[in-house]
Amino acid sequence: MKITVVGTGYVGLVSGTCLAEVGNDVLCLDVDPEKIRILEEGGIPIYEPGLQEMVRRNVAAGRLSFTTDVEKAVHHGTIQFIAVGTPPDEDGSADLQYVLGAARNIGRLMSDYKVVVDKSTVPVGTGAKVKAAIADELAKRAVDIPYSVVSNPEFLKEGAAVEDFMRPDRIVVGAEEEQAILLMRALYAPFQRNHERLIITDVKSAELTKYAANAMLATRISFMNELANLAEVLGADIEMVRQGIGSDPRIGYHFLYPGCGYGGSCFPKDVKALIATAQDDADITLKVLTAVEEANDAQKHVLTHKLKARFGDLKGKHFALWGLSFKPNTDDMREAPSRELIADLFAAGATVTAYDPVAMHETQRIFGDDSRLQYAENPMGALDSADALLIVTEWKEFRSPDFDAIKQTLKNPVIFDGRNLYDPKLVRGLGIEYFAIGR
Ligand SMILES: NC(=O)c1ccc[n+]([C@@H]2O[C@H](COP(=O)([O-])OP(=O)(O)OC[C@H]3O[C@@H](n4cnc5c(N)ncnc54)[C@H](O)[C@@H]3O)[C@@H](O)[C@H]2O)c1
Ligand SMILES: O=c1ccn([C@@H]2O[C@H](COP(=O)(O)OP(=O)(O)O[C@H]3O[C@H](CO)[C@@H](O)[C@H](O)[C@H]3O)[C@@H](O)[C@H]2O)c(=O)[nH]1
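An unreviewed UniProt entry annotates the chain as UDP-glucose 6-dehydrogenase originating from Dechloromonas denitrificans. Regarding the chain, the relevant UniProt record gives this comment under Pathway (unreviewed entry): "Nucleotide-sugar biosynthesis; UDP-alpha-D-glucuronate biosynthesis; UDP-alpha-D-glucuronate from UDP-alpha-D-glucose: step 1/1."

Written as structure tokens, this is what we have:
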């Protein structure tokens, strides 16, 4: 099948590449010429495990190519995926300018039947807006060309994006026209060989399903973070509680890990957008989600409070920081808890030496050449003359460190662990002061 993917970010590049992998002829469009240059030179503009090799393989096979030429892109695919960003507007609602801009381009340049598939996360009612934008462009040209608009939200997780796309739990398709449903079924057939994964809904339900999924997961995390803070004061261990409740199949173990707040380009933005949709379009205040967001905003400062409780004034203190990206296996720094922590430390007059396996370059782009933030070449290199070690991302390489070396290198043998990586008994038994979340 001939497919165009508009937007070559985390979702567009992964979707386009995985669709090429199963034999489709995919053209990826982006407005950012730098991204297209990198891709055309055989690189990838993001860090995502397994993606680079898959891109190279499919480019070499002639099934995957990249362009900034909008006209070429619109003419290429019968299926036109829209996978552009939907960042939060000032009031938290999703900014649809990129999605509607992409839709207008399609309406302006299409010459035959298109299925326009929205993969970006968009509020309920966006499908209708996309349809209207295309209709408007066709009317301006005084032509009548058939097209369908489909909602196909994406559920991939960064760091595991290729695996999630190739082996999805479910594929939600919101479509109301038979021709479009048939095409979507054919497109996704290779991804559901062993059992049915396609859930066909109306367009609005598909749009809401995406927000509902992220809001539910964010709710579990904020709930656990609040309980962790309570457990700590009461003298209970949240990790034992987590196992105690996770073993109930009605609850399950996933997404119950307490920490220093959820980040990333999706949960914070999508929780905000759903609250805004409910308020603006339905005059309904989503009380649970409002609390989820508030709890998360507070949780991002939990390590700062612990540091102040331990050290008092942080002025002149120097800290080692392990982990910068919002989660392991990505270089994505959007809404990363590390950003809030670093800002808190700067505000309190402290300095930082950070180490992250892949996100230091992106961090430097964000913080610029600020002498208060230095970078180490490896985890141990960050510890020299630091007053304590702080951990905010659970990269695998932090899981079994040389605790003796940590103890000898730090100025004070103190660890503040925002991801509960270690057994408190073991670490404290080695003579290291250990502060974790809820234990
Ligand atoms: N990142 C994730 O893990 C994830 C997962 C599921 C869903 N989503 C959703 O998917 C959407 C995209 O997210 P992302 O993280 O891939 O974003 P991103 O910012 O990484 O990529 C978006 C890309 O679109 C390009 N773009 C913008 N306007 C364009 C236009 N008119 N034509 C062509 N290209 C254009 C940008 O240059 C950018 O490269 C968002 O709605 C997001 O909420 C993201
Ligand atoms: O038990 C947990 C699980 C996650 N997190 C944090 O939650 C955030 C998000 O993590 P994760 O969901 O793994 O990463 P994302 O790549 O943001 O993926 C989410 O957002 C995507 C974009 O919408 C969706 O497609 C995915 O299904 C959804 O999991 C990160 O800061 C994690 O540290 C926790 O604190 N505790």
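(A) The UniProt feature "active site" (unreviewed entry) in the chain, seen in detail. This chain's UniProt record puts "active site" (unreviewed entry) on Cys266. Along the chain, cysteine 266 turns up in the loop between α10 (238-246) and α11 (267-282).

(B) Structural detail: the nonpolar core. Within the largest apolar cluster, 122 residues are counted, with the highest numbers of intra-cluster contacts made by Ile82, Val116, Leu389 and Leu390. If one sorts the elements of this core by residue count, helix α9 (residues 203-234) sits on top with 10 residues.

(C) Structural view of the domain arrangement of the chain. When its domains are assigned, the chain resolves into domain 1 (2-201), domain 2 (211-298) and domain 3 (300-435). A separation of 38 Å is found between the C-alpha centroids of domain 1 and domain 3. If you look at the interface, domain 1 gives 7 residues, while domain 3 gives 7 residues. Here the residues of the side of domain 1 that touches domain 3 sort into 4 nonpolar, 1 polar and 2 charged.

(D) Up close: the site of ligand 1. As a structural note, the neighbourhood of ligand 1 is formed by 26 residues, with Gly7, Gly9, Val11, Ser120 and Thr121 the closest of them. When contributions to the shell around ligand 1 are tallied by element, the ones reaching two or more residues are α1 (10-21) and α5 (97-109). Here the residues of the shell around ligand 1 sort into 11 nonpolar, 10 polar and 5 charged.

(E) How the structure looks around the sheet that holds strand β10 (residues 351-355). Overall, parallel pairing links the 6 strands, which are arranged β11-β10-β9-β12-β13-β14 in an open sheet. The outermost strands of the open sheet, each flanked by one partner alone, are β11 (373-375) and β14 (433-435). The mean angle between the axes of side-by-side strands here comes to 20°, regardless of whether they run parallel or antiparallel. Sheet topology places β10 next to β11; 3 bridges connect them, and they run parallel. Looking across to β11, one finds that valine 352 is bridged to leucine 373.

(F) Highlighting the site of ligand 2. The immediate surroundings of ligand 2 are formed by 20 residues, with Glu158, Tyr257, Tyr262, Gly264 and Cys266 found nearest. The element contributing the most residues to the shell around ligand 2 is α9, with 3 residues. Of the residues contributing to the shell around ligand 2, the split by class is 11 nonpolar, 5 polar and 4 charged. Counting only domains with at least three residues in the shell around ligand 2, you end up with domain 1 (2-201) and domain 2 (211-298).

(G) The UniProt feature "binding site: substrate" (unreviewed entry) in the chain, seen in detail. Mapped onto the present numbering, the UniProt feature "binding site: substrate" (unreviewed entry) falls on Phe155, Leu156, Lys157, Glu158, Lys210, Phe255, Leu256, Tyr257, Pro258, Gly259, Gly263 and Lys327. These annotated residues cover 173 residues of sequence, and their C-alpha atoms sit far apart, with the largest distance between any two at 23.7 Å. Considering the arrangement of structural elements, one finds proline 258 in the loop between α10 and α11. We classify proline 258 as buried; it has 29 C-beta atoms within 10 Å. Those residues within four positions of proline 258 in sequence are excluded, and the remaining contacts are Met224, Asn225, Ala228, Ile238, Asn420, Ile437 and Gly438. Looking at the secondary structure, you find lysine 327 in the loop between β9 (318-322) and α14 (337-347). Setting aside residues up to four positions removed in sequence, lysine 327 forms contacts with Glu158, Gly159, Gly264 and Thr393.

Quick notes on the rules
Residues numbered from 1 in each chain as written. Chains lettered and ligands numbered in written order. Predicted model: local features only at pLDDT ≥ 70, side-chain atom pairs only at ≥ 80, totals over all residues. UniProt positions renumbered as here; feature names shortened; annotations may be inferred. Helix = DSSP H or I, 4+ residues; strand = E, 2+ residues; numbered from the N terminus. Core = buried A, V, L, I, M, F, W, Y, C linked by C-beta atoms within 7 Å. Buried ≥ 20, exposed ≤ 12 C-beta atoms within 10 Å, placed from the backbone. Domains from an automatic or database assignment. Contact = placed C-beta atoms within 7 Å. Nonpolar A, V, L, I, M, F, W, Y, C, P; charged D, E, K, R; others polar. Near = placed C-beta within 6 Å. Pairing = 2+ DSSP bridges. Axes fitted to C-alpha atoms, helices over the stretch in contact; angles between N-to-C directions.

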